Every structure is written in structure tokens, then in C-alpha cells.
Amino acid sequence: MKFYEVILMVSMFILVVSATLVAYRFIKGPTLADRIAALDLLSAHLIGIIALYAVFSEELLLMDAALILSLIGFLGTMSFAYFLIHKKE
Amino acid sequence: MMQEFISITSALLILTGAIFMLIASIGMIRLPDFFIRISVLTKASTIGLGFMLVGIALYFNHMSIFLKVTFMLVFIVLTSPVSAHIISKAASHIRIPFWEKTDLQDYLKADETPDDPKTKKSSYGGRKKNST
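Quick look at the structure, then. No experiment lies behind these values; they were computed from the predicted model shown.

## Examining the overall build of chain A
Part 1 of the reasoning: In terms of helices and strands, chain A carries three helices and zero strands.
Part 2 of the reasoning: In sequence order, the secondary structure elements of chain A are arranged as α-α-α.
Part 3 of the reasoning: Put simply, chain A has 89 residues, and 42% of those count as buried.
Part 4 of the reasoning: Within chain A, residue pairs in contact and separated by at least 24 positions form 55% of the contacts whose partners lie at least 6 positions apart.
Part 5 of the reasoning: As displayed, chain A offers around 4,800 Å² of accessible surface, 76% of which is attributable to carbon and sulfur atoms.

Spelled out as C-alpha cells, the structure:
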């Protein structure tokens with residue numbers, strides 16, 4: 001069980017570092033489309049972090065939050081892309 | 001014995017998924033162009049999250065978690081390529097500049113032979129030849 005917790009800590013660390021890298025692209029990104037792509041990737045990282053935290057704290061309800069977030073992320077991306085097309089006529 | 005085998009397998013699956021997501025975010029930093037960077041997006045969502053969620057479902061070994069993870073996997077595999085395609089289509093529509101080493105021959109040829117012969121418009125954003 002000790003080995004399992006060490007692996008979980010390492011994967012949580014990896015996920016947080018990669019979310020930081022994506023957030024750097026979200027801040028720097030030269031165009032608006034880069035920022036939307038980074039936001040989509042950030043929502044995927046957030047789902048992973050929440051699911052890992054559900055394993056840490058043994059709370060089964062947190063998987064519901066991850067499920068809802070996976071639905072919301074797709075809607076957000078689609079609406080931002082629609083906004084990108086119809087921004088200037 | 002069986003319990004240890006399940007926990008080791010699930011730990012390895014979770015670690016594999018996390019490493020895939022790290023590779024994807026390094027690609028998000030390092031790749032030169034928006035249209036090349038968009039290819040990273042689906043890999044992180046489908047492969048990385050897929051491995052992680054399967055590992056978590058193995059660890060919990062509970063019916064409701066298994067159902068939720070199955071639904072999440074099906075939904076992610078369905079929607080992630082669609083959203084990447086929609087973003088790249090919108091970016092092509094508002095003419096985001098390409099990387100200078102990208103070979104644009106097929107793209108410009110698709111622009112010259114329009115899809116819709118009545119309106120003389122192609123569905124590829126209508127980019128002019130000299131405005132790369």
C-alpha cells in the first residue's frame with residue numbers, strides 16, 4: 001500500500017507540473033485560438049487531478065464532479081469556437 | 001496477493017496516463033504553430049485520461065465508479081476529436097498564420113477548386129495565395 005501512495009503522489013506532481021505548463025501557454029499564447037486550445041487541455045488536466053484526489057481522499061462523490069466537468073469542458077470549447085467564428089462579420 | 005496485483009496494476013496505469021499528459025503539455029509549449037499544437041489536444045484527453053480513469057476504476061473496484069468511468073471514457077473519446085476539429089476549423093476561418101515551413105500546396109489547391117460551385121466558395125476559409 002505504501003508503494004501505491006508513492007506512485008499516486010508522483011502522478012499528482014506530474015499532473016500539476018503539466019497543468020502549469022499549459023497555463024503558461026494560456027497566458028502567453030499569441031492568438032485567441034491558442035488560448036481556447038489551452039483551456040480545453042486545462043479542463044482535461046483538471047478532470048485528472050479531481051479523479052486522483054478522489055483516490056487520495058476515498059470520496060466516491062468526487063468522481064461525479066469529474067463526470068460533470070467532462071461535460072462542461074466540451075460545451076465551453078464549442079461555445080468559444082462559435083464565438084471565434086462569429087466575432088467579426 | 002490478488003489485492004496487491006490489482007493495486008500495482010492500477011498504479012502503473014495511473015502513472016502511464018500522467019506521463020502521457022506531461023508529454024502532451026510539453027508539446028503544447030514546444031511546438032511551433034497553432035495548427036501543429038492542436039494535434040496535442042486529443043492525445044492528452046483520450047490516451048492520458050483514458051489510462052488514468054481505467055486505473056482508478058480498477059483501484060476502487062466498485063460498480064458505480066465503473067459505470068461513471070465508462071460513461072466518461074465514451075464521452076471523452078467522442079467529444080475530444082470533435083472539439084479539436086471545431087477549434088482548428090474556426091482558426092482556419094479567422095486566418096491564423098501558419099508556420100513558415102508548413103507545406104501549403106494541398107490547402108491552396110482546395111481553395112482554388114471550390115466545394116460549392118454556385119457561390120464559388122470553398123469550405124476551407126478562403127485564404128488568398130499571397131497572404132500566407
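## Section: the overall build of chain B
Part 1 of the reasoning: The helix and strand inventory of chain B stands at four helices and zero strands.
Part 2 of the reasoning: When the helices and strands of chain B are listed from N to C terminus, the series reads α-α-α-α.
Part 3 of the reasoning: Out of the 132 residues in chain B, the part that is buried amounts to 43%.
Part 4 of the reasoning: Taking the intrachain contacts of chain B between residues at least 6 apart in sequence as the baseline, contacts between residues at least 24 apart amount to 61%.
Part 5 of the reasoning: When the accessible area of chain B is evaluated, it comes to approximately 7,600 Å², of which 66% is carbon and sulfur surface.

## Some thoughts on helix H2 (residues 32-57) of chain A
Part 1 of the reasoning: Compared with an ideal rise of 1.5 Å per residue, which puts 26 residues at 38 Å, H2(A) spans 37 Å between its outermost C-alpha atoms and is within 8% of the ideal.
Part 2 of the reasoning: Phi turns positive one or two residues past the end of H2(A), at A:Glu58, with a value near 55°.

## A short note on the nonpolar core
Part 1 of the reasoning: Among the nonpolar cores identified, the biggest contains 31 residues, and A:Tyr4, A:Leu52, A:Val55, A:Met63, B:Leu53 and B:Ile56 are the most heavily contacted of them.
Part 2 of the reasoning: Within the residue set of this core, elements represented by two or more residues are helix H1 (2-28), H2 and helix H3 (62-85) of chain A together with helix H1 (2-30), helix H2 (34-60) and helix H3 (63-93) of chain B.
Part 3 of the reasoning: Here this core takes seven residues from H2(B), the largest share from any one element.

## A word on the interface of chain B and chain A
Part 1 of the reasoning: Facing the 46 residues of chain B at the interface are 44 residues of chain A.
Part 2 of the reasoning: Both faces considered, chain B and chain A share a buried interface measuring about 4,100 Å² in area, 83% of it formed by carbon and sulfur atoms.
Part 3 of the reasoning: Interface area lost by chain B to chain A is led by B:Met28, B:Ile29 and B:Tyr59, which between them contribute 14%.
Part 4 of the reasoning: One can count two salt bridges joining chain B with chain A.
Part 5 of the reasoning: Taking the shortest distance from any N to any O, the salt bridge between B:Lys68 and A:Asp64 comes out at 3.1 Å.
Part 6 of the reasoning: Within the residue set of the side of chain B that touches chain A, elements represented by two or more residues are H1, H2 and H3 of chain B.
Part 7 of the reasoning: Ranked by residue count, the leading element in the side of chain B that touches chain A is H3(B), at 15 residues.
Part 8 of the reasoning: Residue composition of the side of chain B that touches chain A, by class: 36 nonpolar, eight polar and two charged.

## A closer look at empty space enclosed by the protein
Rolling a probe over the atoms, with the probe sized like a water molecule, indicates the empty space that remains.
Part 1 of the reasoning: In this structure the tally under the stated criterion is one cavity of 30 Å³ or more.
Part 2 of the reasoning: When its volume is computed, the largest cavity comes out at roughly 140 Å³.
Part 3 of the reasoning: Along the walls of the largest cavity sit 14 residues, with A:Asp40, A:Ser43, A:Ser70, B:Ser45 and B:Thr79 positioned nearest its centre.
Part 4 of the reasoning: Those elements giving two or more residues to the lining of the largest cavity turn out to be H2 and H3 of chain A together with H2 and H3 of chain B.

Conventions adopted
- Residues numbered from 1 in each chain as written.
- Chains lettered and ligands numbered in written order.
- Predicted model: local features only at pLDDT ≥ 70, side-chain atom pairs only at ≥ 80, totals over all residues.
- Heavy atoms only, no water.
- Helix = DSSP H or I, 4+ residues; strand = E, 2+ residues; numbered from the N terminus.
- Buried < 20%, exposed > 50% of the residue type's maximum accessible area, 1.4 Å probe, protein only.
- Contact = heavy atoms within 4.5 Å.
- Areas by Shrake-Rupley, 256 points an atom, 1.4 Å probe, with all protein chains shown as cover.
- Expected span 1.5 Å × (residues − 1).
- Core = buried A, V, L, I, M, F, W, Y, C linked by side-chain atoms within 4.5 Å.
- Buried area = accessible area lost by both parts, 1.4 Å probe.
- Salt bridge = Lys/Arg side-chain N within 4 Å of Asp/Glu carboxyl O.
- Nonpolar A, V, L, I, M, F, W, Y, C, P; charged D, E, K, R; others polar.
- 1 Å grid on protein atoms, 1.4 Å probe; cavity = no way out; pocket = protein on both sides within 12 Å on 5 of 7 lines; lining within 4 Å.
- Points joined across faces, edges and corners; volume = space filled by probe spheres on them.

Geometric values such as these leave the question of function open.
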